[in-house]
Amino acid sequence: MKKILVIAVLMIASLNVMNAQTINFGVKAGLNLADVSGSPSASSSIGGETSSYSNGMHIGFHIGAVCNIALNDNFSIAPELLYSQGGYKQTYTFTDDGSFSGVKETNTTVSNVSLNYLQIPIMAHYKLESGLYFEAGLYFGILLSASNHETGTFNETSPVAFNASSDTTSSNDSALNKVDFGLAFGVGYQLPMGLAFNVRYDLGLTSLVKSQTYGTAPYTVTEPAWGKNGIIQISISYMFGMAK
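Keep in mind the model is a prediction, meaning the values are calculated, not measured.

Thresholds, definitions, all that
- Residues numbered from 1 in each chain as written.
- Predicted model: local features only at pLDDT ≥ 70, side-chain atom pairs only at ≥ 80, totals over all residues.
- Heavy atoms only, no water.
- Helix = DSSP H or I, 4+ residues; strand = E, 2+ residues; numbered from the N terminus.
- Buried < 20%, exposed > 50% of the residue type's maximum accessible area, 1.4 Å probe, protein only.
- Contact = heavy atoms within 4.5 Å.
- Areas by Shrake-Rupley, 256 points an atom, 1.4 Å probe, with all protein chains shown as cover.
- Polar contact = N/O pair within 3.5 Å; in protein donor to acceptor, adjacent residues only side chain to side chain.
- Salt bridge = Lys/Arg side-chain N within 4 Å of Asp/Glu carboxyl O.
- pLDDT = per-residue confidence, 0-100.
- Pairing = 2+ DSSP bridges.
- Core = buried A, V, L, I, M, F, W, Y, C linked by side-chain atoms within 4.5 Å.

Remarks on the overall build of the protein chain
- Within the protein chain one finds one helix and 13 strands.
- Counting from the amino terminus, helix and strand elements in the protein chain follow one another as α-β-β-β-β-β-β-β-β-β-β-β-β-β.
- Split into buried and exposed, the 244 residues of the protein chain put 36% on the buried side.
- Intrachain contacts of the protein chain at a sequence separation of at least 6 include 70% that bridge at least 24 residues.
- A total accessible area of about 13,000 Å² is found for the protein chain, and carbon and sulfur atoms account for 64% of it.

Considering the environment of Y139
- Summarising the element assignment, Y139 is placed in strand β7 (residues 132-158).
- Classification of Y139 by relative accessible area gives buried; the value is 1%.
- For the pair Y139 and L183, spaced 44 residues apart in the sequence, the C-alpha separation amounts to 6.1 Å.
- At a separation of 2.9 Å, a polar atom in the side chain of Y139 contacts the side chain of D180.

A few points about the side chain of K28
- Relative to the assigned elements, K28 resides in strand β1 (residues 22-36).
- Setting aside residues no more than four positions away along its own chain, K28 makes contact with H62, I63, G64, V66, E80, L82, N198, R200, S235, I236 and S237.

A closer look at the pattern of salt bridges
- Enumeration over the complete set of coordinates arrives at three salt bridges.
- Linking E80 and K28 is a salt bridge whose minimum nitrogen-to-oxygen distance equals 3.2 Å. Of this pair, E80 sits in strand β5 (residues 75-97) while K28 sits in strand β1, placing them 52 residues apart in sequence.
- Overall, E80 belongs to the buried group, its relative accessible area being 7%.
- Here E80 ties to R200 by a salt bridge, and the two come within 2.8 Å at their closest N and O atoms. In this pair, E80 sits in strand β5 while R200 sits in strand β10 (residues 195-204), placing the two residues 120 residues apart along the sequence.
- Here the salt bridges share partners, and the residues they tie into one network are K28, E80, E135 and R200.

So, the confidence of the model for the protein chain
- Confidence along the protein chain averages 87 in pLDDT terms, with 88% of residues attaining 70 or more.
- Counting contacts from residues 4-9, a segment whose pLDDT is below 50, to residues more than four positions away or on other chains yields seven contacts.

Notes on the environment of N229
- Turning to its location among the elements, N229 is positioned in strand β13 (residues 229-240).
- Here N229 falls in the buried class, since its relative accessible area comes to 3%.
- As for N229 and G87, which are separated by 142 residues in sequence, their C-alpha atoms are 7.6 Å apart.
- For N229, the residues in contact, after removing those within four places along its chain, are D35, V36, L115, Y117, Y139, D180, D202, L203, G204 and L208.
- In this structure the side chain of N229 is engaged in a polar contact, spanning 3.2 Å, whose partner is the side chain of D180.

Topic: the pairing of β13
- With twelve bridges joining them, β1 and β13 adopt antiparallel strand pairing. Bridge pairing in β13 links V27 to Y238.
- When β10 meets β13, the two strands line up antiparallel, connected through nine bridges. Bridge pairing in β13 places D202 opposite I231.

Some remarks on the pairing of strand β9 (residues 179-190)
- Note that β7 and β9 share eleven bridges and pair antiparallel. Residue pairing in the sheet places Y139 in a bridge with G182 of β9.

A short note on the nonpolar core
- By size, the foremost hydrophobic cluster in this structure holds eleven residues: V36, Y88, V113, L115, Y117, L143, A146, L176, L208, V209 and W226.
- Broken down by secondary-structure element, the contributors of at least two residues to this core are β6 (104-127) and β7.
- In terms of residues, this core owes the most to one element, β6, which gives three residues.
- Every residue in contact with Y117, bar those within four places of it in the chain, is listed here: L82, Y83, S84, G86, G141, I142, L143, L144, D180, L208 and N229.

Structure follows, in structure tokens:
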């Protein structure tokens, strides 16, 4: 709740300067390179069994409306309303050398998770006379939907040879937090005609995956909350009526 109030205060502060300052509106779109920090559990090795996680980049996009409220020649406030895709690619590998169980096997599962957000960044811009500008601020995101495309392979080499594979897609966001909040900072270049180019990094401060408990008491395992969004946004935008 405190985080939502911070966003509301910043939005109200932006509205208060609208009547007295130069305001321009525009559109924005671009590429997202997304990942999350952490994994469901730490890598482990016991009794001939080894398990590990590795994360990779998920590619998405963003598109939406932007506003620039000039406070003076250098400073401005820039609220945005975006449809933005986050996500991650995670590989889980399990191996058993057979020294304890007598079964040699390798199991690999690759999860490609796509997250669709309604995102509200509120940025402060400092612009140089050359058109180069720096930005920093906060963003608030609401999870609209999520999907997971998962592929897996299972290979057993002893005592018998056995191979299997799987390919499934599911849409279920019940295990995910619906609200994302974080910091954003970047750099861009604004042309006098209104066209601009920007690179920004969104640093999530809230956990993506909720804490979960598996099994039946007294044999239960609790997995702590994990994963914070990290997204590189590469954008092109156009501001209508923007002066140098």
